[in-house]
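# Per-entry structural report
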Amino acid sequence: MTKSATYFSIVEACEKDGCPLCRVEQDAALKFLETLFYEQINEFEVRERLRKSLGLCHEHAWLSADGMTGNALGLAILYDDMLRLRLEQLNEKKGKLRVAPAGKCPACEQRDSVGHRALTVLARHLTEEEMREAMLRSDGLCFHHLPLALEQLKDSSVQKELLSIHREKMEKLRAELGEFIRKNDYRFINEGFGAERDAWRRAVAMGAGKKR
């Protein structure tokens, strides 16, 4: 079976910390934003999409401002256009403005589109050794992506395989959390921390998804 770029993105993401599907989605949004500010900010169709969405969402606007370098000019151009649009609406509607944007943040659209494709690819290839081994090495899917992945799997034996992988990961993480909690007791604090040192951060990542 031919392997897509998304397949290799998932396998690569499994080697890094956090939910691999969260990482694939976030990388897609980041790549979109880099392309937007590097070469598309003045394209008519792109600007029309951004006008409908009233710019970028809270997450991706601040990622562009604080988490990425070199976007000051692009953000200035973008939000000058947004302010112009809002001022026109204020003048036309005498202070009445729509709260919800007419379109979705384009970076969110790209993230969600790639995320949906990644779920399909994971389900299709999970029984293959490379993908299964990658999933075993990963931190596992987060609480959001695990049920979505299970919904994509039509074969009950493959569902059981994915559940087995995650049951083992969750039980191990709980054991490490228990050790972390125990060692924070004043009676045992001098024992020092081992692998459980960052268990609390990994637990947050599994529960809430990888930090964006």
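Residues numbered from 1 in each chain as written. Predicted model: local features only at pLDDT ≥ 70, side-chain atom pairs only at ≥ 80, totals over all residues. Heavy atoms only, no water.

Within this structure, the stated rule accounts for 22 salt bridges. Note that Glu 133 is salt-bridged to Arg 132, the shortest N-O span being 3.5 Å. Lys 183 is the salt-bridge partner of Glu 179, the closest N and O atoms lying 3.9 Å from each other. In this pair, Glu 179 and Lys 183 both sit in helix α9 (residues 156–183), four residues apart, roughly one turn of the helix. One network of salt bridges, in which partners are shared, links Arg 47, Glu 48, Arg 51, Asp 81, Arg 84 and Glu 88. (Salt bridge = Lys/Arg side-chain N within 4 Å of Asp/Glu carboxyl O. Helix = DSSP H or I, 4+ residues; strand = E, 2+ residues; numbered from the N terminus.)

Quick look at the side chain of His 166 now. With respect to the helices, strands and loops of the structure, His 166 is situated in helix α9. Judged by relative accessible area, His 166 falls into the buried class, the value being 1%. Ignoring any residue separated from it by four or fewer positions in sequence, one finds His 166 in contact with Met 135, Gly 140, Leu 141 and Leu 146. (Buried < 20%, exposed > 50% of the residue type's maximum accessible area, 1.4 Å probe, protein only. Contact = heavy atoms within 4.5 Å.)

So, about the packing of helix α6 (residues 106–125) against helix α8 (residues 145–152). Where α6 meets α8, the closest approach of the two axes is 9 Å, and the angle between their N-to-C directions is 55°. The angle between α6 and α8 places the two elements in the oblique class. Like other packed secondary-structure pairs, α6 and α8 cross with a definite hand, here right-handed. Together, His 116, Leu 119, Thr 120, Leu 122 and Ala 123 of α6 and His 145, Leu 148, Ala 149 and Gln 152 of α8 make up the contact between the two elements. In the contact of α6 with α8, the residues fall into five nonpolar, four polar and no charged. (Axes fitted to C-alpha atoms, helices over the stretch in contact; angles between N-to-C directions. Parallel < 35°, antiparallel > 145°, perpendicular 65-115°, else oblique. Left-handed = near helix turned anticlockwise from the far one by under 90°. Nonpolar A, V, L, I, M, F, W, Y, C, P; charged D, E, K, R; others polar.)

Residues Ile 10, Leu 21, Leu 122, Leu 141 and Leu 162 are the most contacted members of the largest nonpolar core, which totals 28 residues. Listing elements by their share of this core, those giving two or more residues are α1 (5–13), α2 (20–40), α6, α7 (129–137), α8 and α9. Among the elements that line this core, the one with the most residues is α6, at five residues. Setting aside chain neighbours within four positions, we find Leu 162 in contact with Leu 126, Met 135, Leu 146, Ala 149, Leu 150 and Leu 153. Among the nonpolar cores identified, the runner-up in size contains 16 residues, and Leu 56, Cys 105, Ala 107 and Cys 108 belong to it. (Core = buried A, V, L, I, M, F, W, Y, C linked by side-chain atoms within 4.5 Å.)

A few words now on the packing of aromatic side chains. What the rule picks out here adds up to two aromatic pairs. On the basis of an interplanar angle of 85° and a centroid distance of 5.1 Å, the ring pair of Tyr 7 and Phe 8 is categorised as edge-to-face. Take Phe 8: its relative accessible area is 43%, and that puts it in the partly exposed class. One cation-aromatic arrangement involves Lys 3 over Tyr 7; the distance from NZ or CZ to the ring centre is 5.3 Å. Between Arg 182 and the ring centre of Phe 188, over which it is positioned, the NZ or CZ distance is 4.8 Å. (Phe/Tyr/Trp six-rings, centres within 6.5 Å; stacked < 30°, edge-to-face > 60°. Lys NZ or Arg CZ within 6 Å of the ring centre and 35° of its normal.)

The pLDDT averaged across the chain works out to 91; a share of 96% of its residues lies at or above 70. Mean pLDDT values for the elements of the chain range from 89 in helix α5 (residues 72–93) up to 97 in α1. (pLDDT = per-residue confidence, 0-100.)

Along the chain, Met 68 falls in the loop between α4 (58–67) and α5. Residues Met 68 and Phe 143, 75 residues apart in the sequence, show an inter-C-alpha distance of 28 Å. When residues no more than four places from it in sequence are discounted, the contact partners of Met 68 are Leu 30, Leu 33, Glu 34 and Leu 63.

Okay, the side chain of Lys 183 next. Among the residues examined, Lys 183 registers a relative accessible area of 10% and is labelled buried. Polar contacts involving the side chain of Lys 183 include one to the main-chain carbonyl oxygen of Gly 192, which spans 2.9 Å. For Lys 183, the contacting residues outside a window of four places in its chain are Phe 188, Ile 189, Glu 191, Gly 192, Phe 193, Gly 194 and Glu 196. (Polar contact = N/O pair within 3.5 Å; in protein donor to acceptor, adjacent residues only side chain to side chain.)

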